[in-house]
Amino acid sequence: MAKTLEEVKEAVSRKYVGKMGIHAVGIRRSQNAVCVYLHDFDAVGQDALLEAIAKEAGPYQVLTVREDRPVIA
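## Focus on the sheet that holds strand β2 (residues 33–38)
Strands pair in a sheet through their backbones, by hydrogen bonds, and they do so in one of two ways: parallel or antiparallel. Judged by pairing direction, the sheet is mixed, and its three strands sit side by side in the order β1-β2-β3 without closing on themselves. In this open sheet, the two edge strands, each paired with only one partner strand, are β1 (22–28) and β3 (61–66). Pairs of neighbouring strands in the sheet enclose a mean axial angle of 25°, with direction left out of account. Sheet topology note: the β1/β2 ladder contains six bridges and is antiparallel. Its bridge partner being in β2, I22 is matched across the sheet by L38. Those strands touched by helix α1 (residues 5–16) are β1 and β2, and its axis lies near 175° from that of β1. Strands β1, β2 and β3 of the sheet are contacted by helix α2 (residues 46–57), whose axis makes an angle of about 145° with β3.

Definitions and cut-offs
- Residues numbered from 1 in each chain as written.
- Predicted model: local features only at pLDDT ≥ 70, side-chain atom pairs only at ≥ 80, totals over all residues.
- Heavy atoms only, no water.
- Pairing = 2+ DSSP bridges.
- Helix = DSSP H or I, 4+ residues; strand = E, 2+ residues; numbered from the N terminus.
- Axes fitted to C-alpha atoms, helices over the stretch in contact; angles between N-to-C directions.
- Contact = heavy atoms within 4.5 Å.

As structure tokens, this is what we get:
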């Protein structure tokens, strides 16, 4: 059974947020993609982790967004 974009986003979020600089997961409907938000840009093993996410997210594209970690003011 094919998963929806939202289901893939939730699964990726549950499994990967908090690992190797990933602080959020979202979706970009216009690109039919899951967005992975990173704050630690060069964590050891991050490329392999992103490859694993891409395989799990298929057939949807995975976009990485590199930004500073959000802070509470």
